Amino acid sequence: MQNKRPLQSVDDDHLLQRLAHLVGQSRGSEADIVTHIAEVDERRLYAREACPSMYAYCTQVLHFSEAEAYLRITTGRAAREHPILLEMLADGRLHLSGIAKLAPHLTAENREELLSRACHRSKREIEVLLAELFPRPDVPTVVRKFPERRPSSPPPTAPTEPQLRPGRVEGPPVPAPPPAFLVQPLAPARYKVQFTASAELHEKLERLRSLMRSHVPDGDLATIIEQAVTEKLARVEARRFAQTKNLRKSLKDTDTSARSRYIPAAVRRTVNERDGRRCHYRNEQGRQCSERHALEHHHVHPFGFGGDHRPAELRLLCRAHNRLIAEHDYGRTALARMARSQDRASETRAEMCSGPAQARLAFTP
Ligand SMILES: [Zn+2]
């Protein structure tokens, strides 16, 4: 026996009315969500919830898809300058995808005309409108040689994620999947990696393949690339995390007093290893921040108040959380004043910084 559909008994007119009503409600809720996202973003409350960015908060805590996060954050930031966007989103004159396309081009001068022309247009129609109003130069001609597809070969896989580009709106950039590059999980611990290579890269890979023939007799490209990436990663990490094969000074022989703002390499190595090269921040629920990039060394006891460089006195933090704690210690106003004076004295800052992990040391209490 066939299952009864949930709306089977609703008559046609009533069904269409109900759908229109629900869509109207949903648009209103969407505009509310975007308004809240914009305010949380503005107050940087994501940091308090152990996230390094608004994008991370949207995807990791609110569990939006990458595209939903990108569109809502972009719209929220654009609406700070153009609040009319929220009204148009709520009443259905514009959708999130259209706003994300329009946002980088919107100014106070062109707003009225541009938005009226984009009203009730599809995303594709808005792209055509923008190309007409803001023509871009032709893309350079690129010649690529693709292998001929054998009849038995499966068709090329289309990217599953939308090709997003961050709009030029205020705020830190929202990550977008790089174009012409695709990483897809195939099975546990197996990934398909696909990208378009230049002739130079192709030629280098062939040279490497022949040089590594004794180690990789079957010339498997995945094995060769893995070995090359592993070596490069080790070198980059050694530089970034102050690791060397021959440690010049052990922690025991290192001066950790607060004689200068320079944090000795042995201390940085110890802290990086101890904190797992990941932001150490946890919120009240014990959730740890996931950020692993652009980490900074934070002094638990503010350096400016006599804190020293012993590993126990240092934590690895991402920029958002280093700033959150600095705001807590110094207050937002004082921090903004410090930032302005930092901008005026960039050469002094260069002297005070000793590497990527200390790039904003003057913010570090
Ligand atoms: Zn963090």
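Residues numbered from 1 in each chain as written. Predicted model: local features only at pLDDT ≥ 70, side-chain atom pairs only at ≥ 80, totals over all residues. Heavy atoms only, no water.

K.L.:
Give a description of the nonpolar core that names residues and reports values.
P.N.:
Counting residues in hydrophobic clusters, the biggest one holds 49 residues, and the most contacted among them are Leu-94 and Leu-102. Sequence-distant contacts of Leu-102, that is, excluding residues within four places in its chain, are made with Leu-94, Leu-114, Leu-115, Ala-118, Ile-126 and Leu-130. (Core = buried A, V, L, I, M, F, W, Y, C linked by side-chain atoms within 4.5 Å. Buried < 20%, exposed > 50% of the residue type's maximum accessible area, 1.4 Å probe, protein only. Contact = heavy atoms within 4.5 Å.)

K.L.:
Could you give an account of helix α11 (residues 265-274), with specific residues and numbers?
P.N.:
Taken as a whole, α11 has its buried residues at Ala-266, Val-267, Arg-268, Arg-269, Val-271 and Asn-272. Where the residues of α11 are buried, they touch β3 (296-299) and β4 (314-317). Taken from the residues just after α11, Gly-276 is the one with a positive phi, measuring 65°. (Helix = DSSP H or I, 4+ residues; strand = E, 2+ residues; numbered from the N terminus.)

K.L.:
Hey, could you go over empty space enclosed by the protein for me, with residue numbers and the actual values?
P.N.:
By the definition in use, this model includes one cavity of 30 Å³ or more. Put simply, the largest cavity is a space of about 50 Å³. The wall of the largest cavity is formed by Arg-44, Tyr-46, Ala-47, Ala-320, Arg-323, Leu-324 and Glu-327. Put simply, the parts of the chain that give the lining of the largest cavity at least two residues each are α2 (45-48) and α12 (319-330). Residues of the lining of the largest cavity, tallied by class, amount to four nonpolar, no polar and three charged. (1 Å grid on protein atoms, 1.4 Å probe; cavity = no way out; pocket = protein on both sides within 12 Å on 5 of 7 lines; lining within 4 Å. Points joined across faces, edges and corners; volume = space filled by probe spheres on them. Nonpolar A, V, L, I, M, F, W, Y, C, P; charged D, E, K, R; others polar.)

K.L.:
Outline the side chain of Arg-72, listing residues and values.
P.N.:
By the secondary structure assignment, Arg-72 is in helix α4 (residues 66-81). Given the relative accessible area of 10%, Arg-72 is considered buried. At a separation of 2.7 Å, a polar atom in the side chain of Arg-72 contacts the side chain of Glu-30. Not counting the four nearest positions on each side in its chain, Arg-72 is found in contact with Glu-30, Ile-33, Val-34, Ile-37, Phe-64 and Leu-96. (Polar contact = N/O pair within 3.5 Å; in protein donor to acceptor, adjacent residues only side chain to side chain.)

K.L.:
Can you break down the coordination of the zinc ion residue by residue, with the values?
P.N.:
Here the zinc ion is held by Cys-279 (SG), Cys-289 (SG), Cys-318 (SG) and His-321 (ND1), and the distances to it run 2.1 to 2.4 Å. Taken together, the four donor atoms coordinating the zinc ion and their angles of 96 to 120° define a geometry best described as tetrahedral. In primary-sequence terms, the residues that donate to the zinc ion follow C-x9-C-x28-C-x2-H. In this pair, Cys-289 sits in the loop between α11 and β3 while His-321 sits in helix α12, placing the two residues 32 residues apart along the sequence. Comparing Cys-289 with His-321 shows no difference in burial state: the two are buried. (Donors = N, O, S within 2.8 Å, 3.2 Å for Na, K, Ca; no water. Tetrahedral: all angles 85-135°; square planar, octahedral: opposite > 155°, others 65-115°.)

K.L.:
Got a sec to walk through the packing of aromatic side chains? Specific residues and values, please.
P.N.:
Taken as a whole and assessed by the stated rule, the structure comprises zero aromatic pairs. Against the face of Phe-64 rests Arg-72, its NZ or CZ located 4.4 Å from the ring centre. (Phe/Tyr/Trp six-rings, centres within 6.5 Å; stacked < 30°, edge-to-face > 60°. Lys NZ or Arg CZ within 6 Å of the ring centre and 35° of its normal.)

K.L.:
Got a sec to walk through the side chain of Asn-110? Specific residues and values, please.
P.N.:
Within the secondary structure layout, Asn-110 lies in the loop between α6 (96-102) and α7 (111-118). A distance of 2.8 Å separates the side chain of Asn-110 from the backbone nitrogen of Thr-107, its partner in a polar contact. Aside from chain neighbours lying at most four places away, what touches Asn-110 is His-105 and Phe-134.

K.L.:
Please set out unusual backbone geometry residue by residue, giving values where relevant.
P.N.:
A positive phi is found at Arg-44, a non-glycine position, where the angle reads about 55°. Within the secondary structure layout, Arg-44 lies in the loop between α1 (12-43) and α2. Positioned with a positive phi, His-63 is a non-glycine residue whose angle comes to about 60°. Mapping His-63 onto the fold places it in the loop between α3 (54-61) and α4. For His-63, a relative accessible area of 61% gives the class exposed.

Worth remembering: the numbers are spatial, not functional.
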